[in-house]
Amino acid sequence: EVLFLEQLNDLSFTVDNRLVILIEHQSTINPNMALRLLMYIGRVYEKMFDKKNLYASKPLKVPLPEFFVLYNGTDEYPDQKTLKLSDLFEKAGDLTASAGIPPAPPSIPPALDLVVKVYNINKGHNKSIIEKCKTLDGYSAFINKVREYQEKTGDKEKAMEMAITYCTNNNILKDFLEANASEVINMLMTEWNTVEALKVREEEGREEGREEGREEKAKEVAKNALAKGLPVNMVSDITGLSVKAIQSLSVQ
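Please read all numbers here as calculations on a predicted model, not as lab measurements.

Within the element layout of this structure, Ser86 appears in the loop between β4 (80-84) and α2 (93-98). With sequence-adjacent residues up to four places away left out, Ser86 is seen in contact with Lys91, Pro110 and Asp113.

Right, here's the structure in full:
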């Protein structure tokens, strides 16, 4: 896990060698899960089959795959949603048209696809599914308590400690939390800090884009002002650009 980091699947198991189930837990909405799970299932099948058997004349019995994502982030999300690998594919119509090849009819499915079922496991969602699994129900209740206490205290770590106390007192994941309280706090702190860092990075990227857009607009205004004969100092006052930047525009 230290070597592979994000390249490992959260949970995978077989059922009677007929089904292979891959489950991912996500606290952020990720539209690329189908592609990630395609990479994971490839590794799983590599471990299941000896490479020599791939060249045998006898067909292999390959366990049927099923893919699930359990979502418990804070963004709004429906109870259930389906993600498809084919939704990520580039459209090849332009390539075939330029080569003189007629495009395939839309009714023909892609040569490769992968379907992921996403379930929202936040409190109040998918009750019929969560109630069938006491552990999943307890996890949903625990995370809900952490968020409730964080909203009250403004302190993530204290909120986790309070949620652990509440759940152990109310027999929610009691044995697990009593045995693994510090590991649970470390895991959640790492995960939630990572999510926050990603959101900050995305926002910084959007702000950089907006800043670049504002600068390009200012340069455009400056060029028009210079073309009309306005002095450089006045153009600088109008656009906020430096005199040096404006002088470089007049040279271009």
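Turning next to the environment of Leu35. The residue Leu35 is located in helix α1 (residues 33-48) in this model. For Leu35, a relative accessible area of 35% translates into the label partly exposed. In sequence terms Leu35 and Leu83 are 48 residues apart; their C-alpha atoms lie 9.8 Å from each other. Setting aside chain neighbours within four positions, we find Leu35 in contact with Leu85 and Leu88.

A few words now on empty space enclosed by the protein. The method is simple in principle: a probe with the dimensions of a water molecule rolls over the atoms, and the space it marks as empty is what remains. On inspection of all chains with the given rule, the structure shows one cavity of 30 Å³ or more. For the largest cavity, the calculated volume is near 60 Å³. If you go around the largest cavity, the residues you meet are Gln26, Thr28, Ile29, Asn30, Met33, Val69, Tyr71, Tyr77, Leu83 and Val118. Grouping the amino acids of the lining of the largest cavity by side-chain chemistry returns seven nonpolar, three polar and no charged.

Let's shift gears to the sheet that holds strand β3 (residues 64-71). The five strands are arranged β1-β2-β3-β5-β4 in an open sheet whose pairing can be described as mixed. In this open sheet, the two strands that pair with only one neighbour each are β1 (11-15) and β4. When strand polarity is set aside, the average angle formed by the axes of neighbouring strands in this sheet is 25°. Judged from the five bridges that link them, β4 and strand β5 (residues 115-120) form a sheet pairing that is antiparallel. Counterpart to Leu83 in the pairing with β5 is Val116. Strand contacts of α1: β1, β2 (19-26), β3, β4 and β5, with the helix running at about 140° to β2, the strand carrying the most contacts.

So, about unusual backbone geometry. The phi torsion at Asn171 lies on the positive side, around 60°, for a residue other than glycine. Note that Asn171 resides in the loop between α5 (156-169) and α6 (174-227). Exposure remark for Asn171: the relative accessible area of 52% places this residue in the exposed category. We note that Leu173 has phi near 50°; this positive angle belongs to a residue other than glycine.

Here we take up the environment of Val243. Summarising the element assignment, Val243 is placed in helix α8 (residues 243-251). Overall, the relative accessible area of 31% leaves Val243 in the partly exposed class. Taking the C-alpha atoms as reference, Val243 lies 6.5 Å from Val232; in sequence the two are 11 residues apart. Once you skip the residues sitting within four places of it in the chain, Val243 turns out to touch Val232, Asn233 and Ser236.

Turning next to helix α4 (residues 134-153). Each full turn of the α-helix corresponds to 3.6 residues, which orients residues three or four apart in the same direction. Compared with an ideal rise of 1.5 Å per residue, which puts 20 residues at 28 Å, α4 spans 28 Å between its outermost C-alpha atoms and is within 8% of the ideal. Among the residues making up α4, those that are buried are Leu136, Gly138, Ser140, Ala141, Phe142, Ile143, Lys145, Val146 and Tyr149.

It is worth spelling out the side chain of Asn122 at this point. When you line up the elements, Asn122 lands in the loop between β5 and α3 (127-130). What makes Asn122 buried here is its relative accessible area of 12%. A polar contact is formed between the side chain of Asn122 and the side chain of Arg147, at a distance of 2.8 Å. Contact partners of Asn122, with chain neighbours within four places excluded, come to Tyr71, Asn72, Gly73, Ile130, Ser140 and Arg147.

Moving on, we come to the pairing of β3. The side chains of a regular strand alternate between both faces of the sheet. In this structure, β2 lies alongside β3, joined through eight bridges in parallel fashion. When the sheet's bridge partners are listed, Glu24 is paired in β3 with Val69. Once you follow β2 into α1 and on to β3, the crossover reads as right-handed. Pairing analysis gives four bridges linking β3 to β5, with the strands arranged parallel. What sits directly across from Phe68, in β5, is Lys117.

Analysis parameters
Residues numbered from 1 in each chain as written. Predicted model: local features only at pLDDT ≥ 70, side-chain atom pairs only at ≥ 80, totals over all residues. Heavy atoms only, no water. Helix = DSSP H or I, 4+ residues; strand = E, 2+ residues; numbered from the N terminus. Contact = heavy atoms within 4.5 Å. Buried < 20%, exposed > 50% of the residue type's maximum accessible area, 1.4 Å probe, protein only. 1 Å grid on protein atoms, 1.4 Å probe; cavity = no way out; pocket = protein on both sides within 12 Å on 5 of 7 lines; lining within 4 Å. Points joined across faces, edges and corners; volume = space filled by probe spheres on them. Nonpolar A, V, L, I, M, F, W, Y, C, P; charged D, E, K, R; others polar. Pairing = 2+ DSSP bridges. Axes fitted to C-alpha atoms, helices over the stretch in contact; angles between N-to-C directions. Expected span 1.5 Å × (residues − 1). Polar contact = N/O pair within 3.5 Å; in protein donor to acceptor, adjacent residues only side chain to side chain. Right-handed = clockwise from strand over helix to strand, strands pointing away.

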